[in-house]
Structures are given as structure tokens and as C-alpha cells.
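Spelled out, the chains give:
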Amino acid sequence: MAAPWALASHSWLLAALSVVALIGLPTLFSTPGDKANVIIAVPGWVTILLVLLQLAAAVVSSWLAWPAWAAVAVTLLATATLVTERRRWRWLVRANRLAN
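All values derive from a computational prediction rather than experimental measurement.

Calculation rules
- Residues numbered from 1 in each chain as written.
- Predicted model: local features only at pLDDT ≥ 70, side-chain atom pairs only at ≥ 80, totals over all residues.
- Heavy atoms only, no water.
- Helix = DSSP H or I, 4+ residues; strand = E, 2+ residues; numbered from the N terminus.
- Buried < 20%, exposed > 50% of the residue type's maximum accessible area, 1.4 Å probe, protein only.
- Contact = heavy atoms within 4.5 Å.
- Patch = residues over 30% accessible without salt bridge, like charges linked within 9 Å, V, L, I, M, F, W, Y side chains within 5 Å.
- Areas by Shrake-Rupley, 256 points an atom, 1.4 Å probe, with all protein chains shown as cover.
- Salt bridge = Lys/Arg side-chain N within 4 Å of Asp/Glu carboxyl O.
- Lys, Arg positive; Asp, Glu negative; His and termini not counted.
- Charge placed at Lys NZ, Arg CZ, Asp CG, Glu CD.

Things to note about the overall build of the chain
Argument step 1. If you tally the helices and strands in the chain, you get 5 helices and 2 strands.
Argument step 2. For the chain, the sequential pattern of α-helices and β-strands runs α-α-β-β-α-α-α.
Argument step 3. Dimensions of the chain along its principal axes, counting C-alpha atoms only, are 45 × 30 × 20 Å.
Argument step 4. For the chain, the residues scored as buried account for 30% of the 100 residues in total.
Argument step 5. For the chain, the proportion of contacts with a sequence separation of at least 24, taken over those separated by at least 6, is 47%.

Quick word on the side chain of Ser30
Argument step 1. By secondary structure assignment, the location of Ser30 is in strand β1 (residues 29–30).
Argument step 2. Setting aside its immediate chain neighbours within four residues, Ser30 contacts Lys35, Asn37, Val38, Ile39, Ile40, Ala41, Val42 and Thr47.

Things to note about a positive patch on the surface
Argument step 1. There is a patch of like positive charges on the surface, built from Arg86, Arg87, Arg90 and Arg94.
Argument step 2. Assignment of secondary structure puts Arg87 in helix α5 (residues 86–99).

Spelled out as C-alpha cells, the structure:
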């Protein structure tokens, strides 16, 4: 949510493209078994990179666009996500090896 806000002052087109990238890419590309509906199947490491892209965009953009207290909250949530996603990421890496 912060990415379009951070980019809007520079370019409305970049703001719109950030929404397309951060929502559209994970919608199109997913690892079989991770989602019910897979449009374009990708290995687990691609799914992990997409999540990392979203988290990085959230943290950086929140520091650029929002007050410090909000950016701190986003940073803490992103850090918690890194911890809570570990089991899923291990599964995604294993699923990738099993598929090859």
C-alpha cells in the first residue's frame, strides 16, 4: 500500500505499475501446491522472491511515504513475516527439488 504513495509524487505511471507488479505478479505466478489456482507455475524460489519483493517494497516505501511510527510498524510486521514464513519457504524449496 505504501509503494504507490511513495511513487505518486514522482510519477502516476510508476505508482500504477507498482500496484500491477506487487499484486499482479504473485497472482499470475505461483508454485503448484502453494495455491489452489495456479495460472503460471513457477518453482518455489520464485514465489519466495516475490514475497521478498513485496516485503522490501513495503518497508522502503513506508519509510519514504509515511510518518516514522507507521514505518516502524511496517518494518516490525515485515520482520515478523520473515520469521513466520520460514516453514512455508522450506516447503517451497523442497517442493522445487521434488519437481525437478
